[in-house]
Amino acid sequence: MKTKILILSLALLSTYMGYGQSKTSSAKQKTLIVYFSRSSHTETIANYIKEATDADILRIEPVEPYSKVDSICGARVNMETVNDSRPAIKTKIENLQDYDVIYVGSPLWQGTITPPVKTLLSSYDFSGKTIIPFTTYGSQGLGRSVDDIKKLCPQSIIIEGHAFKGSSVKNAKNEVVKWVEEIKAAK
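Rules used throughout
Residues numbered from 1 in each chain as written. Predicted model: local features only at pLDDT ≥ 70, side-chain atom pairs only at ≥ 80, totals over all residues. Heavy atoms only, no water. Helix = DSSP H or I, 4+ residues; strand = E, 2+ residues; numbered from the N terminus. Buried < 20%, exposed > 50% of the residue type's maximum accessible area, 1.4 Å probe, protein only. Areas by Shrake-Rupley, 256 points an atom, 1.4 Å probe, with all protein chains shown as cover. Contact = heavy atoms within 4.5 Å. Polar contact = N/O pair within 3.5 Å; in protein donor to acceptor, adjacent residues only side chain to side chain. Phe/Tyr/Trp six-rings, centres within 6.5 Å; stacked < 30°, edge-to-face > 60°. Lys NZ or Arg CZ within 6 Å of the ring centre and 35° of its normal. Expected span 1.5 Å × (residues − 1). Arc of directions from axis to C-beta. Salt bridge = Lys/Arg side-chain N within 4 Å of Asp/Glu carboxyl O.

A. Seen up close, the overall build of the chain. Summing up its helical and strand segments, the chain has six helices and six strands in all. The N-to-C order of helical and strand elements in the chain reads α-β-α-β-α-β-α-β-α-β-β-α. Per-residue burial over the chain gives 41% buried out of 187 residues. When the accessible area of the chain is evaluated, it comes to approximately 10,600 Å², of which 54% is carbon and sulfur surface.

Now the structure itself:
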């Protein structure tokens, strides 16, 4: 009887210790969400991701804000895209080395990530980081955003991203949670 209790106790102890090690290793993986949002669409998705992951979150703020008037914003975006500009941003990532996974969010402008997101990605060394893109869009899905992120972060692991229709973001929470869970399961 004492032998059975000892064996059962050892089995429970090893299970408990294994569980603790598993929790510790997953706790070491730190996640950051960085995003740019002119309207509130990308910000809404970023906040849903934060709720689903408990990640840190950081909004990309350009030094010169984009106009809320579509025609004025469009003219600036056209110019920045033609010139492959990297507009100055106020945003700084503190302790990038602490993060393993980076969600990168952007509205889709002219088929790709916005110039402020390009500025951020070209300002830091994301080597060895896992980058998970997400976009909000009117009609193009991910466009060429994933390919452009791969060019800006060639030493990173880029996971195929997800696109969310801008007009549907308010109802996309379940879609975001499902997507995040699929990513976790794939790791």
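B. Region of the structure containing the environment of Thr 119. Turning to its location among the elements, Thr 119 is positioned in helix H4 (residues 115-123). With sequence-adjacent residues up to four places away left out, Thr 119 is seen in contact with Arg 86, Pro 87 and Ile 89. Reaching out from Thr 119, the side chain makes a polar contact with the backbone oxygen of Pro 87 at a distance of 2.8 Å.

C. Representation of the side chain of Thr 135. Its location among the elements puts Thr 135 in strand E4 (residues 130-137). Thr 135 gets classed as buried once you look at its relative accessible area, which sits at 1%. There is a polar contact of 3.2 Å between the side chain of Thr 135 and the backbone oxygen of Gly 141. Discounting residues that sit within four places of it in the chain, Thr 135 has contacts with Ser 106, Leu 108, Gly 141, Leu 142, Ser 145, His 162, Ala 163 and Phe 164.

D. The arrangement of the packing of aromatic side chains in detail. Throughout the structure, instances matching the rule amount to six aromatic pairs. Judged by centre distance (5.6 Å) and plane angle (65°), the ring pair of Phe 36 and Tyr 66 falls under edge-to-face. Remark: Tyr 66 occurs in the loop between strand E2 (56-59) and helix H3 (70-82) and Phe 36 occurs in the loop between strand E1 (31-35) and helix H2 (41-53); sequence separation between them is 30 residues. Overall, the relative accessible area of 7% leaves Tyr 66 in the buried class. In this structure an aromatic cluster arises from ring pairing among Phe 36, Tyr 66 and Trp 109. In this structure, Arg 76 packs its charged tip against the face of Tyr 66, placed 3.6 Å from the ring centre.

E. How the structure looks around H3. Counted at 1.5 Å a residue, the expected span for H3 with its 13 residues is 18 Å, and the 18 Å between its end C-alpha atoms agrees. Within H3, the full set of buried residues consists of Cys 73, Arg 76, Val 77 and Glu 80. One side of H3 carries all its buried residues, which in axial view fall inside an arc of 100°. Opposite its buried face, H3 presents the exposed residues Ser 71 and Val 82, each directed more than 90 degrees away. Turning to H3, the residues buried within the fold contact H4.

F. Structural context of unusual backbone geometry. Phi at Asp 84 takes a positive value of approximately 50°, unusual for a residue other than glycine. With respect to the secondary-structure elements, Asp 84 resides in the loop between H3 and strand E3 (101-107). Of note in the backbone geometry, Gln 110 takes a positive phi value of approximately 50° without being a glycine. Mapped onto the elements of the fold, Gln 110 is located in the loop between E3 and H4. Here Gln 110 falls in the partly exposed class, since its relative accessible area comes to 36%.

G. Representation of the pattern of salt bridges in the model. A full pass over the atoms with the stated rule returns 12 salt bridges. Residue Arg 38 pairs with Asp 70 through a salt bridge whose shortest N-O separation is 2.5 Å. In this pair, Arg 38 is assigned in the loop between E1 and H2 and Asp 70 in helix H3, connecting sequence segments 32 residues apart. Among the salt bridges present, the one from Asp 84 reaches Arg 86, with a minimum N-O distance of 2.9 Å. On the basis of relative accessibility, which here comes to 44%, the residue Asp 84 falls in the partly exposed class. Looking at Arg 86, the relative accessible area reads 33%, which means it is partly exposed. One continuous salt-bridge network, built from bridges that share partners, spans Glu 43, Arg 59 and Glu 61.

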